[in-house]
Amino acid sequence: MRFIKPLLEFSAGLKTTFLSIFEKPVTVQYPEELRPVAKRFRGRHELKRYDNGLEKCIGCALCAAACPADAIFVEAAENTDEERYSPGERYASTYQINMLRCIYCGFCEDACPTEAIQLGESYELSYYDRKDAIFTKEMLIDPVPAGGAPTPQVTPKGQFDRSVPEMQDSQD
Amino acid sequence: MTWLNVLEWIIKSLILVLGLLGGFAYLTWYERKLLARMQVRYGPNRTGKFGLLQPIADAVKLIFKEELIPTQAEKVLFILAPILTVVPAIVITATVPWAPNFTIFGYEVKPYIADIDVGILYITAIASIAVYGIVIAGWSSNNKYATLGGLRSTAQMVSYELALGLSMVVVILLAGSMNVKEIVEAQAHHWFALVQPTGAVIFMIATLAELNRAPFDMPEAEQELTAGYHVEYSGMKFALFFMAEYSKMIAIASIIATLFFGGYREPGFLYGTFLSVDKFWFLGPVYLLGKILLILFGMIWARATLPRFRYDRLMAFGWKVMLPLALAIVFVSAIGIAFAQSNPLYYWIIPVVSVGLGLIAVGLLDKSLRRKINAVH
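What counts and what doesn't
- Residues numbered from 1 in each chain as written.
- Chains lettered and ligands numbered in written order.
- Predicted model: local features only at pLDDT ≥ 70, side-chain atom pairs only at ≥ 80, totals over all residues.
- Heavy atoms only, no water.
- Patch = residues over 30% accessible without salt bridge, like charges linked within 9 Å, V, L, I, M, F, W, Y side chains within 5 Å.
- Areas by Shrake-Rupley, 256 points an atom, 1.4 Å probe, with all protein chains shown as cover.
- Salt bridge = Lys/Arg side-chain N within 4 Å of Asp/Glu carboxyl O.
- Helix = DSSP H or I, 4+ residues; strand = E, 2+ residues; numbered from the N terminus.
- Buried < 20%, exposed > 50% of the residue type's maximum accessible area, 1.4 Å probe, protein only.
- 1 Å grid on protein atoms, 1.4 Å probe; cavity = no way out; pocket = protein on both sides within 12 Å on 5 of 7 lines; lining within 4 Å.
- Points joined across faces, edges and corners; volume = space filled by probe spheres on them.
- Nonpolar A, V, L, I, M, F, W, Y, C, P; charged D, E, K, R; others polar.
- Axes fitted to C-alpha atoms, helices over the stretch in contact; angles between N-to-C directions.
- Parallel < 35°, antiparallel > 145°, perpendicular 65-115°, else oblique.
- Left-handed = near helix turned anticlockwise from the far one by under 90°.
- Pairing = 2+ DSSP bridges.

**Student:** Which parts of the structure should I look at to understand a nonpolar patch on the surface?
**Tutor:** Residues and elements named next belong to chain B. On the surface, a nonpolar cluster with roughly 870 Å² of combined accessible area is contributed by Y26, F50, L52, L53, I56, V60, I63, F64 and M236. The dominant element in the nonpolar patch, judged by the number of residues it contributes, is helix α2 (residues 54–64), at four residues. Note that L53 resides in the loop between α1 (3–38) and α2. Residue class for L53 comes out partly exposed when judged on its relative accessible area of 45%.

Structure follows, in structure tokens:
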């Protein structure tokens, strides 16, 4: 038995590698096949809209204040009923995030009073030029939802005076 | 010698060289693909169907890479080393026949480059020349890792060449000739791997060491020596080392097939049927290629399975197990052949006793390793 046993152990090892030829490879074929991200994954930012197409962002720059990496730059301008971008007095005329500075901590999400900025699921962020790392408002904002109208909208007087929506019982 | 002879030589050499070089490129693909499957991966699959264009992409990349020569290197030797490694790897197969002699348009073709009576001696001689390339590469790089790689390589080759040579002696005894073609013809009925299984196993282990392949890849142990003797090489010079390593794999596989597995001849049970190479000569290359592919599969399989030896154990295994076992097997074979001259039944001495010796060697090795493990605990 002493003479056979080492050989048996040896062939057990060979058998393992041989049988794994017929196993299904665990490789994920990345660009074609994307793995779903985790539920609370923090990817590229998205600027949200209301159902009628108005932007949620009111240009308050609380996100820029909360940002520990100083990646966000916001410039606000006045809304009028003839040229309305968001409810309330002001909207963000410039909104930029430098993706090379951003650390994806999600503090901007927490600071936002209107839940306008949210960290989405996109993680394919790469650029050939450092300037391309600065994402502008046009790149960040969500498309207009079905049934909504693009901004700027002409709106009836007195309907969108309140900039922060009235919140129901907070969900989270 | 007529112009026809010259033409025959040129064509045969071209087939051999192009076969080895093209084979080398696709052997890398075969190895990467197979190794990947053994590790539950896909392997190269981006370049063309099944990644079949990968070797071409690799070649293009290596050709356009920058070639560096370290300032402190011995320039002449540094450039000479890859050439010295690649040439023996290609010329070593010159004596290996691919098919029986055949006639085309009334002209007899001998399907091997050199018909020399001491073919085996030629193979051993050329096989050991390749060490020079590795040692010179290690030394001329003026790099401590490279030097260590070269040193390990010499020590390893010297130790395993003895067992390699002795198991070749077994083949010479059994065939009664050193001519490679006669050795193949002597295996028409039964392969020498069946007559002398232990000899075949020793030969295969020793060739793995000779090829510097896992689990004997001490000279280029990535984790210990970064890349061993070829750390300082880049671009086409590195490609030459790579080429030498892989075309030598093919060459050695064809030599194993020839010496122990009947070379271009059909397996014994097909002897005399219509699948025999005596009926159709062109089946010879098919059988040989099939055997080479199976042996290469074995080499890759061993690499996927076995971890690298520790260096002292490698030397101990070479000198204390392989060499005595090979000597014992030569002795047994000689005795068996001597007895068989009175009664052919005595041929059975050879396989039975040598398998027994092999098992005893395995048992003793196991015992000594277990004693070492117990001493530690």
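After that view, the rundown keeps rolling.
**Student:** How should empty space enclosed by the protein be read in this particular structure?
**Tutor:** Take a probe with the size of a water molecule and roll it over the atoms, and the empty space left behind shows itself. Residue and element names in this part refer to chain B. For the structure shown, the criterion picks out five cavities of 30 Å³ or more. Here the largest cavity is characterised by a volume of approximately 110 Å³. Forming the walls of the largest cavity are 13 residues, and the residues nearest its centre are T85, I134, N212, E245 and K248. Every element with two or more residues in the lining of the largest cavity is listed here: α4 (119–140) and α10 (235–260). Tallying contributions element by element places α10 first for the lining of the largest cavity, with four residues. A breakdown of the residues in the lining of the largest cavity according to their chemical character gives seven nonpolar, two polar and four charged.

**Student:** Please explain the environment of E182 of chain B as it appears in this structure.
**Tutor:** All names here are of chain B. Mapping E182 onto the fold places it in helix α6 (residues 180–186). For E182, a relative accessible area of 44% puts it in the partly exposed group. Sequence separation between E182 and Y287 is 105 residues, and the spatial gap between their C-alpha atoms is 17 Å.

**Student:** What should I look at first to understand the packing of helix α5 (residues 144–175) of chain B against helix α12 (residues 311–340) of chain B in this one?
**Tutor:** For any two helices packed against each other, one specifies the crossing angle of their axes together with the interaxial distance. Residue and element names in this part refer to chain B. Contact geometry for α5 and α12: axes closest at 9 Å, N-to-C directions at 15°. Regarding the angle of α5 to α12, the classification is roughly parallel. As α5 packs across α12, the resulting crossing turns out to be left-handed.

**Student:** Looking at this structure, how should I read the sheet that holds strand β2 (residues 72–78) of chain A?
**Tutor:** Residue and element names in this part refer to chain A. With antiparallel pairing, three strands are arranged side by side in an open sheet as β2-β3-β5. On the outer flanks of this sheet lie β2 and β5 (134–135), each paired with one strand and no other. Sheet topology places strand β3 (residues 90–98) next to β5; two bridges connect them, and they run antiparallel. Each bridged residue has a counterpart across the sheet, and for N98 the counterpart in β5 is I134.

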